[in-house]
Each structure stands twice: as C-alpha cells, then as structure tokens.
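Each chain is listed here by its residues.
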Amino acid sequence: MSKSNNNSIEDPRESNKLGRRLVLKTGLGFGAAAALAPVLAACSSDAADETSNTGSNDTATSPDGTPAEATGDPIKVGYIGDLTGVLAQQGQIQLNCFELAVKQINESGGIGGRPIEAVTEDTASDSAQAIEKSTKLALEDEVVTVIGGITSSVREAALTVLPNEKIPFFYTTFYEGAAAGATACDEYLIATGQIPNQQVAPLVPYLSENVGKKYIVVGNDYIWPRGMTEVLEELLVEEGGEVVSSTYFPLGTTDFGPFFKELADADADICWVTLVGSDQDTFLQQYKQFGATTQIVSLSMNDDIAATNPEISEGVITVQNYLAGIESGNNTKFLEEYRAENGADTFPIAIGEGAYNSVYLFKGAVEAADGSTDPTDWIPKLSGVSFDSPSGSIGIDADTQHAITNSYIGKVGADGVIEILDEEKAVVPVVEGCILS
Amino acid sequence: MTAVDTVAVPNNANSARDWISGARTLGGTGLLLAALAILPSFLGPFNIVLGAQILAYSVVALSLQLLWGRAGQLSFGQAAFFGMGAYAYAILGTRYELNGWYILAAALVIPAGTALILGYFLFFGRVRDAYFSIVTLAFVLVANQVVISWRSVTGGDTGLTRVPGLVLPFGGFEVDFTSRNGRYYLGLLIFSIALFVALLVRRSSFGLVLEAIRDDENRASFLGYNTPMYLTMAFTLSAALAGVAGGAFASISTLAAPDMIDQFLSIQILTWVAIGGRNYLAGALVGTVVMRVLNNQVSDVLPESWPLVVGLFFVVVVMFFPAGLVGGLAKLRAQLASRRVEKARA
Amino acid sequence: MDESQSLALESVTVRFGGLTVLDDLSLRFGHSPISSLIGPNGAGKTTVFNTFSGIVKPVSGSLLLNGKDMTGHSPIEIARAGVVRKFQVPTVFHNLSVGNNLKVAAQSPRIETAGSAKDIRWSTGDVAEKLGLSSKMKTLAAELSHGERQWLEIGMAFLAHPRFLLLDEPAAGLGPEESDHTAGLIRTISEFCKTIVIEHDMRFIRELGGDVTVLHQGRLLKQGTMEEIEADHIVRDVYLGRDADA
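When you go through chain C residue by residue, the secondary structure sums to nine helices and eleven strands. Each of the 246 residues in chain C was classed as buried or not, and the buried ones make up 54%. By sequence separation, contacts in chain C at least 24 residues apart represent 68% of the contacts at least 6 residues apart. Just so you have it, chain C exposes about 10,000 Å², and 49% of that area is on carbon and sulfur atoms.

For the rest of this paragraph, the subject is the interface of chain A and chain B. Facing the 39 residues of chain A at the interface are 35 residues of chain B. For the pair chain A and chain B, the two sides together bury roughly 2,900 Å², of which 51% comes from carbon and sulfur. Where chain A meets chain B, there are seven salt bridges. The partner of glutamate 132 of chain A in a salt bridge is arginine 292 of chain B, with the nearest N and O atoms 2.9 Å apart. The interface formed by chain A and chain B includes eleven residue pairs in polar contact (both at pLDDT 80 or more).

Moving on to the pairing of strand β4 (residues 60-65) of chain C. Residue and element names in this part refer to chain C. The pairing of strand β1 (residues 7-16) with β4 spans five bridges and is antiparallel. Residue pairing in the sheet places leucine 9 in a bridge with leucine 63 of β4. Here two bridges tie β4 to strand β5 (residues 68-69), and the two strands are oriented antiparallel to one another. The partner of leucine 65 across the bridge, within β5, is lysine 68. Where β4 folds back on β5, the antiparallel hairpin that results is connected by two residues, among which asparagine 66 adopts a positive phi of roughly 50°.

Residue and element names in this part refer to chain A. Spatially, five strands are ordered β2-β1-β3-β4-β5 in an open sheet, and the strand pairing comes out parallel. Among the strands making up the open sheet, the edge pair consists of β2 (116-122) and β5 (189-191). Put simply, the sheet's adjacent strands are angled 25° from each other on average, direction ignored. The strands touched by helix α4 (residues 152-161) are β4 (169-171) and β5; relative to β4, the strand with the most contacts, the crossing angle is about 170°.

A few words on the state of the cysteines. Residues and elements named next belong to chain A. A full pass over the atoms with the stated rule returns one disulfide over all chains. Bridging cysteine 185 to cysteine 434, the disulfide has an S-S length of 2.0 Å. The sign of the S-S torsion, about 85°, decides the handedness of the disulfide formed by cysteine 185 and cysteine 434: right-handed. With cysteine 185 in the loop between β4 and β5 and cysteine 434 in the segment after β14 (418-427), this pair connects stretches of sequence that are 249 residues apart.

What follows is about the sheet that holds β5 of chain C. Taken in spatial order, the four strands of this open sheet run β2-β1-β4-β5 (chain C), and their pairing is antiparallel. Lying at the two open borders of the sheet, with one neighbouring strand each, are β2 (19-29) and β5 of chain C.

Next up on the list: the side chain of aspartate 303 of chain A. Residues and elements named next belong to chain A. Examined against the element boundaries, aspartate 303 turns out to sit in helix α9 (residues 303-308). A polar side-chain atom of aspartate 303 sits 2.7 Å from the main-chain amide nitrogen of alanine 324. Those residues in contact with aspartate 303 that sit more than four places away from it in its chain are Leu323, Ala324, Phe347, Pro348, Ile349 and Ile418.

Moving on, we come to the environment of serine 299 of chain B. When you line up the elements, serine 299 of chain B lands in helix α12 (residues 281-301). Once the C-alpha coordinates of serine 299 of chain B and valine 309 of chain B are considered, the two residues, ten residues apart in sequence, prove to be 9.2 Å apart. Sequence-distant contacts of serine 299 of chain B, defined by excluding residues within four places in its chain, comprise Glu121, Gln129 and Lys133 of chain A together with Leu294 and Trp306 of chain B. In this structure the side chain of serine 299 of chain B is engaged in a polar contact, spanning 2.8 Å, whose partner is the backbone oxygen of asparagine 295 of chain B.

With that settled, the discussion passes to the packing of helix α7 (residues 257-266) of chain A against helix α8 (residues 278-290) of chain A. Residues and elements named next belong to chain A. Put simply, α7 and α8 touch, their axes get as near as 11 Å, and they point 50° apart. By the angle between their directions, the pair α7 and α8 is classed as oblique. Handedness of the α7/α8 crossing: right-handed. Note on element contacts: α8 touches α7 through Phe283, Gln286, Tyr287 and Phe290, opposite Gly257, Phe259, Phe260, Leu263 and Ala264.

Counting 140 residues, the largest nonpolar core has Leu102 and Leu152 of chain C as its most contacted members. Not counting the four nearest positions on each side in its chain, leucine 102 of chain C is found in contact with Thr124, Val127, Ala128, Leu131, Met137, Leu152, Gly155, Met156 and Leu159 of chain C.

Let's shift gears to the environment of arginine 126 of chain B. All names here are of chain B. For arginine 126, the location among the structural elements is in the loop between α4 (100-124) and α5 (129-149). A relative accessible area of 62% places arginine 126 in the exposed class. Along the backbone, arginine 126 and proline 228 are 102 residues apart, and their C-alpha atoms lie at a distance of 7.9 Å.

Attention now goes to unusual backbone geometry. Unusually for a residue other than glycine, aspartate 267 of chain A sits at a positive phi of about 55°. With respect to the secondary-structure elements, aspartate 267 of chain A resides in the loop between α7 and β8 (270-274). Owing to a relative accessible area of 60%, aspartate 267 of chain A belongs among the exposed residues under this scheme. Non-glycine residue serine 11 of chain C carries a positive phi angle of around 45°. Tracing the backbone shows serine 11 of chain C in strand β1. The exposure class of serine 11 of chain C is partly exposed, given its relative accessible area of 34%.

Bringing the packing of aromatic side chains into the picture now. Residue and element names in this part refer to chain A. All chains considered together, the criterion is met by 40 aromatic pairs over all chains. Centroid distance phenylalanine 249 to phenylalanine 256: 4.8 Å. Interplanar angle 75°. Geometry classified as edge-to-face. Each member of the pair, phenylalanine 249 together with phenylalanine 256, is buried. When the ring of tyrosine 360 is compared with that of phenylalanine 387, the centres are 4.8 Å apart and the planes differ by 10°; the resulting orientation is stacked. Of the two residues, tyrosine 360 is situated in helix α12 (residues 350-368) and phenylalanine 387 in strand β11 (residues 386-389); the sequence distance between them amounts to 27 residues. By relative accessible area, tyrosine 360 is classed as buried at 4%. Ring-pair connections join several aromatic residues into one group, and the members of that group are Phe249, Phe256, Phe259, Phe260, Phe283, Tyr287 and Phe290.

Glancing now at a nonpolar patch on the surface. Residue and element names in this part refer to chain B. Taken together, Leu116, Ile117, Tyr120, Phe121, Phe124, Met229 and Met233 make up a surface patch of nonpolar side chains, about 680 Å² in accessible area. The biggest single contributor to the nonpolar patch is α4, with five residues. You can see methionine 229 is positioned in helix α10 (residues 227-253). The class of methionine 229 is partly exposed, set by a relative accessible area of 35%.

Residues and elements named next belong to chain B. Mean pLDDT over chain B: 90, with 95% of residues reaching 70 or higher. Ranking the helices and strands of chain B by mean pLDDT puts α10 first, with 97, and strand β1 (residues 6-9) last, with 41. This stretch, residues 1-13, has a pLDDT under 50; its non-local contacts, to residues over four places away or in other chains, come to 41 contacts.

Looking now at the packing of helix α2 (residues 88-107) of chain A against α12 of chain A. Residue and element names in this part refer to chain A. Put simply, α2 and α12 touch, their axes get as near as 7 Å, and they point 30° apart. Relative to α12, the element α2 is oriented roughly parallel. Of the two possible hands of crossing, α2 and α12 adopt the one that is right-handed. Contacts from Gln90, Ile93, Gln94, Cys97, Phe98, Leu100, Ala101, Val102, Gln104 and Ile105 of α2 reach α12 at Ile351, Gly352, Glu353, Ala355, Tyr356, Val359, Tyr360 and Lys363. For the contact of α2 with α12, the class distribution of residues is twelve nonpolar, four polar and two charged.

Here we take up the pattern of salt bridges. Tallied over the full model, the rule gives 30 salt bridges over all chains. Between lysine 133 of chain A and aspartate 300 of chain B there is a salt bridge, with the nearest N and O atoms lying 3.0 Å from each other. Of the two residues, lysine 133 of chain A is situated in helix α3 (residues 127-140) and aspartate 300 of chain B in helix α12; the pairing between them involves two chains. For arginine 85 of chain C, the salt bridge is made with aspartate 168 of chain C, and the minimal N-O distance between the two is 3.9 Å. Here arginine 85 of chain C, found in strand β6 (residues 83-86), pairs with aspartate 168 of chain C, found in strand β8 (residues 164-168); they are 83 residues apart in sequence, far enough to count as distant. Taking the relative accessible area as the measure of exposure, arginine 85 of chain C reaches 2% and is therefore buried. Look at aspartate 168 of chain C and you get buried, because its relative accessible area is 0%. Overlapping salt bridges, with partners in common, bring together Glu121, Lys133, Lys136 and Asp141 of chain A together with Asp300 of chain B in one network.

Reading guide: rules and limits
- Residues numbered from 1 in each chain as written.
- Chains lettered and ligands numbered in written order.
- Predicted model: local features only at pLDDT ≥ 70, side-chain atom pairs only at ≥ 80, totals over all residues.
- Heavy atoms only, no water.
- Helix = DSSP H or I, 4+ residues; strand = E, 2+ residues; numbered from the N terminus.
- Buried < 20%, exposed > 50% of the residue type's maximum accessible area, 1.4 Å probe, protein only.
- Contact = heavy atoms within 4.5 Å.
- Areas by Shrake-Rupley, 256 points an atom, 1.4 Å probe, with all protein chains shown as cover.
- Buried area = accessible area lost by both parts, 1.4 Å probe.
- Salt bridge = Lys/Arg side-chain N within 4 Å of Asp/Glu carboxyl O.
- Polar contact = N/O pair within 3.5 Å; in protein donor to acceptor, adjacent residues only side chain to side chain.
- Pairing = 2+ DSSP bridges.
- Axes fitted to C-alpha atoms, helices over the stretch in contact; angles between N-to-C directions.
- Disulfide = S-S within 2.5 Å.
- Parallel < 35°, antiparallel > 145°, perpendicular 65-115°, else oblique.
- Left-handed = near helix turned anticlockwise from the far one by under 90°.
- Core = buried A, V, L, I, M, F, W, Y, C linked by side-chain atoms within 4.5 Å.
- Phe/Tyr/Trp six-rings, centres within 6.5 Å; stacked < 30°, edge-to-face > 60°.
- Patch = residues over 30% accessible without salt bridge, like charges linked within 9 Å, V, L, I, M, F, W, Y side chains within 5 Å.
- pLDDT = per-residue confidence, 0-100.
- Nonpolar A, V, L, I, M, F, W, Y, C, P; charged D, E, K, R; others polar.

This is how it looks when you write it as structure tokens:
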C-alpha cells in the first residue's frame, strides 16, 4: 500500500550490500522458524515474552480497584490518514484502531492520569493536503505527536512539516524502507509497520520450501512494487530462485490481459502480486476467469479484503505483522472490542494494528519519561518499552526507531478467513546505515 | 470621390470617466493589499501558512480567469502549468545553488514557453472550446505521467520534499522568504504582481479584444484581428501566472508532488473560479478564498465526509448563482439600482 | 477607371460540391460610392461577399483589391487590407457594451498604405452619435433592439477603417422608420468609403441611390444606374417583375 519514489539512480553496490545484510540479519531467525513451523502451526502463538512490558491491558487503578477516569490536562495526539479517496477503506480501519486505543487508554486512567485528546485529519491521499493538515496539527492544534499515514507520498509530505516543528510521526503502514530512497531514518520518524526485511525476508524461505522458487511478478507501476521486486530478487540470489518476468501496470488498470499471456508461457511457481486497492480486486477477478492456478502471493492482501471478496481471494498467500487469525488472548480481546465499536463482521488490518500499537507505545514512553510530552524526553524511552500487542510482544528498535514485530504468513481460505501458516517472532528491522540512538 | 481612412480616437468624456473608475480600482486594490500586508499580525501560525497557500492558489485562479473568463477558453491544463512551475522551482531549488531570481524565472518561463508552443499549434490549428478543453485535459494527464515516471529528476510518486524556501537578492541585500512570515509575504508578493497584471489586462485593449473573441471569434477576425495569436498570447500569459503560482506554492509548502500537476487539481481550480464567477476578476479571488477556507474547515470537522459537503455547496452555488458569487452579487446590485431609478421616476 | 479604388472579381467560379454558385463571374465595384447587389434567391449575392472577404476560395478566377491580386488570402488579411464586412444576421459582441463594441472595431489593425487620402479622425463617441446610440454606450449589445444592433454593426464596420464596406441586408427586419435611418447612415458612410449593399427591398435601394448590379444564377445580368436597371426588360422578367407582383 506504500508508495515511494527513488530520486537517486540506484547504486547496484548499495543494493547488494543491503540484500546481503538483509539475509545475514534474518538468516538465524529463518532457521528457527523453519524448524519450529509445525509446532507453531499446531499450537497457539502467544508464548510469553520475558522482557518487561507495559501491556495493552495494563489498567491503572484507583485505590478502590476500579479503573480511574483520566482527569488531568489532555494530551493532544493527531491522527492523519487517507479517510477519503481511493484508500479510504484502509484509512477508515486505521482510524478505527487508533480511536479504539485512545478510548481504552482514556477509560483506564489515560497517560499518567491525563486523557488523550485525539485530533483527526484527512489527507485525501493528496500531498498538498497532507502538508496543510500536518501544519495544522502542528501549529494550530499543537499536538505532541501524530499517528497514521498510508501512502509514502503522504508520509514524505508529513515528514517535511512535522520534524521542523519537533513533532514525532508514528507511521503505521508496511513500506519499502530505505530501498527506494524514501525517508526511513529520521529522528522524528517512528515506524510501526514492517519494512522488507521483516515482510519479504521471512516469506521467501517459506515459499521456497512449500511452493517453489520460480516467480512471476505483477505490480502497479510505481516505486513500492518495483522496490519490493528488487528486494525479492536479492533474496532469491541466496535462495537459488529467480524472477522470470516482471510486468507493471499503471494505477487504475482494468485489463491485465497482457500479463496472462506472460503467465501462460512462464511456467512459474509463484505469482508475486504488488497491486493495490481496486487494481488488486480487478486482477484477482480476471485471474480467476483466466483459470490460472499458479500460487498467488500478495503483499497487500488482508482480512478485510479476503472477507469482502472470498471467492477471488481464496488461496492467496500473504505476510503481515497482524492477521485477525492470530490466536492469543490479547487478539481475542482486541477483536472483541474492535467489533463492539465497528460492527460484528468487521476486521482490523495490519496498518490499523500498527496505529493501535503506536498509541500504546507512545503512552509507555511518556510514562517512562515521567509524564513528559517533550519528544527529547520520551523518544529515547521508546526502545525500553515493550508492548503486549494483539500480534504479540513488540518493541521499538533503538537504532532505527522501527518496530520489532512478529511476521505472520497466512493463506486465505474458502470462507475468506486467512489461516496462519507460519510465523516468525521478533524480527528486527534493518535500515542500512541508520543509527539514531 | 476618394476613399478616406478613418482613425478613431477616444473622446474626452469617456477618458475622464475611465480615469475615475481606474483610480477607484487602484484605490480598492491598494486597500486590499494593505489589509493583506497587516493580516499576519492577527493570524495564528497555521493560518499564516494557510493564508500563504491561498494567496498562491489565488494566482493560479486568476490565471484561469484570464483564459476562461476573459478569452472564453476553458483549460483543464492549469494544474499542468502550476505543477511545471512547482517542479521547476523544486528541482532547481533542491539540486543547485542558484540565485533565487533564476529559480523564479524558470518557474515562469518553462510553463509559459510550453504554453506558447502548445497554444500555437492548438489555436492556429482551429482547436477551440470543448476540443481545447479535452486537449488540455490530455496534456495534464501526460504531464502527470511524465512526473511520475521520470523518477531520477522528479522524485516520482513521492515528489520532491524538503524544498528550500526562496531567497531573493535585491542589489546588495537579500530578502529571505524562508521563515513562516516570509512565506506569507512571498505569497503576497506574487499575488500583488499577478493582480496588477490581471488588472492591466482587464483595462487594456488586449483584454477587450479577448472578450470580443470570447463573444464571437469570427466577428473579431473579420475586423482584422489575428485571433489565434491573441488566444495564444492569453494562453501563454495564463501559463506564466500559473507557473509562478506553482513555484511560490512549492516554496511555501516545501514540496512538489504529482498531485500538484494532475487533473484533480485542475478541476479544483476550475471550481474556485466558477464559484466566484468566471467573468469577474474578483470572482477568482473570492472563489479561491471561499473554497479553500471551506475545504479546510469542513475537513477538520468532518474528516470522513467533507468532500460530500464541499461538493454539495458547489452544486448549490452553481444552481442558484450560475454566474458565481460575485456575478450574483453584481446582478443583485444592478437590479437594486434599476429599481431605485424606477422609483425616482415614479 | 481608377484601379486604386476598386474591388473586383475576374472570371471567378465557385462551386459547392456539384453546384456551381458563381459561374465565370466578372464584377467590378468602386466607380460609385454606393453600389447595390440584387438578384433572386440563389443568385450568388452572399457568395460574392464571401469571396470578397476570403471566406470562400474560388476554384478559378481571381479577387482583386485596388488592382492587387488577393486571391487565396485569409479573411484576416483581407480585413486588414480594408475590406470590412457586415453579416446578414447582425453579429456584434453581445456581452460587450456598445462603447466597447465600437472600441474593438476602432482599434482593429489594418495595413497603413502610403499615399492614402487624408485621415478623418472619428471618435467612437462621434460614431455613436451618428448611429443614434450615444445614450446607450454602457448598454450591453445583447440588450439592444434588432434595428439598433444593425446600426451598431454598421458603425463598427465603419470604424474598422474600411476602403470597401460590404453590408449584407442592412435593412432586413426593420420597420420603415428604422429603414430610413439605416439608409441615411449608409449614405453618410459612403462619403468616406465605398459601400456595397445586398438588399431585396427595392424601395430601400432607391433611397440609397448609386448604381445597381443584378446577379442571376451566378452570372452578371446587368450593371447600371437604377433607371437603367428598371428599364431593362430581362431584369424585370427575372427579378423585378416578380418582386413587383409580390
């Protein structure tokens, strides 16, 4: 779902270095995950983490044992995201999750007794509006932090405004990391979505083992899909796999015919899809009509899409830092409360859980900084905070200020429910050359 | 009987009246600019930035008013020239250590030059009205695609961020437009220049001939006017203004992005001009301010459904005031005046 | 005859599709300050004007202005050379005021010819007065009556520095009084430039005076004074007679 640019011509040496580093750093994790895979698939995944944690349900209580009302001066927190336009559906879910966290925190004592006052702004997936709204949040509402963002262009726009005003930005969507010249390393950027070494790196070995190593790529024609293909190709060098062909279509394509010709000739094991929004729906529809049987792997598949369009989503494999099928007490409670607010058949998605987690991580850091909302006080505390999130225990890596998350590989079933096939715990984000601590 | 050439001269009574109305316009404009100059002392920091953006947007609205209102040719390409100015500014501003004047000049010359060439082929090729609109729409789509595809220069989908502010050297000293107030005054500076140009066009015979062409191009050409040349000039001037607006906007917003060079922005600009009244210079300004402020306020209160409200407002205004807010007001004034005259007669 | 004051067609043929509208037609205007062009419907009168003003390109023959070949020149070039046109349907700038209509016409570009006769300086105000529109300088042309619009267009054509002024049915749709005013206007104008008028109304043509050219089926039937034309029995047969019966 992320978009970004590359305004420098890529240096192949740089890319290779990144690729090697990616594999090196995650190599150990794969081994463990692969060995544990059958066990993990069989039992629930909420193995207790030994690090100290603030906990999602760590409720502040008053002396008589009932949850305390937050009564102090409110702490203003901004939400900014794509609430109208082509990504409105995802943006809405992201906002729902954000609001759920704010509600929970305010009902259980706030942040050190102070309630959170949420200020919501829409970017309409428009850079100029993102600039305008970020400026408003910073200068008029005087929020202390901003959470949200889907497209990379909106992230970049927000990052041109907020750091100047010394306002940290929690970006909650999976994206291309530093791969495409995007801003991935900034002292005022905190990312709670995944970057390629957390999303693609755990997935490829799984696919090698269970599906195959010959890929055919179809994506939208912009930098996120292209960046993801680059990362994939680098990983496949180590795996001994290959990408036989890559086809990119402009956003808003209605006929993917040319790709199906390629597909028929390619004899590939895996169809790697990096199409977004309605393009993915259109593609899956035509894929089914075409009668293709190659395994689809889509990085932008989620529970919401799968549940809305089960007949075309069936069989698609994805990897996310959150899937509704995670079996843990935290997730059950999260789903319950989310649905109580938003309807019985609704699904939170990864970028929403990222927003939810962001609010709690912020809370943890401010409390660890003795209630100071000055970012120079609480940002250094972030790496010491561990949060027992719906997707398991997560934290913030001190060097990159990106989240250390679990990665879940899942497959859409006939009923539109994504079944979790495999997972990898606590994957550390890698942003080449980024040392913020 | 010999043929005699006739030459018209304006008669004195008319020129005196013109002079008075000219002085009134000048006075009103001066007051407006003076009010805008002291406005920042009454505004909070965010509204100063918003004001700076609205000033830059007003310039692009003025540029469309010139072409659409005065010359009768509706362009969907206004955002293309706005975006070209923005990207010219952002690319030169982020990559090179250039004199601010050169950067600003590039934001003017590149869009104007493009419009000159495009306009030449369109207008001399007898492309007018709906066909002209369609071609300009295609042009903005192409410009958008170029910006997205040419990643190494334009930053592709994300655009160019952290664009530096403008510093203009004046002889021995420099005027720095990078601070928050500085950005506002950059907006005000280009707004003043654009307003002056627009007023000049309105009062000039160039502007009058454009209006004549809008009414009946054939008639104008049978009077000997080279109408394609006039339209090409109007298009070029309009693109120059739009380009400067884009350059200033990039400087004010520290950004040049693909959505500053797309059809949606073109349509937005069109709605500003339509709401205000396309036949009125003041219409472009009123429309821009009303729509930008409305956009900003409603999207704050209703972040999930604001486009609906803004769209509804647009429809209602166009339904009840087809000539725009300023046009409606002018009509009302005229009706009241004629009623007064009738009463006086009775 | 003085070549420098003439507008002429030489052996001009104009065809629209298979239809020959002007058939090897040779015509010359300029010897009389006012000339009228008459003929039954379909005789080719408006096509003669269209050829003069460059809208219609002849398949053969040539257009001569003051002896200079203007065949194939664009309407703009011909207008600048001093051939100015008033259309059959009054075409003024509807959303411009009367004053601005006159101003646009007065400022229209033209070719300055060396040795042209003395300049008479006309202000738009003077012309408006002659037209009887002085009190309506600020009125939009759209709000004028049909007659006023006809006069405005004549005034505009006059202000556009014509050597030859082509008026296509200037009295069409006018009442008798308006018609007389129009004839008076044209006579005044003809003191300053050669005027050619297409009209059906014979009373109006008599009022104008000047010589008369009769077209029939794309050919020249007769050119002469009103008396000569009325005395011609062929003309009477094809045109005047029928007109008189009506």
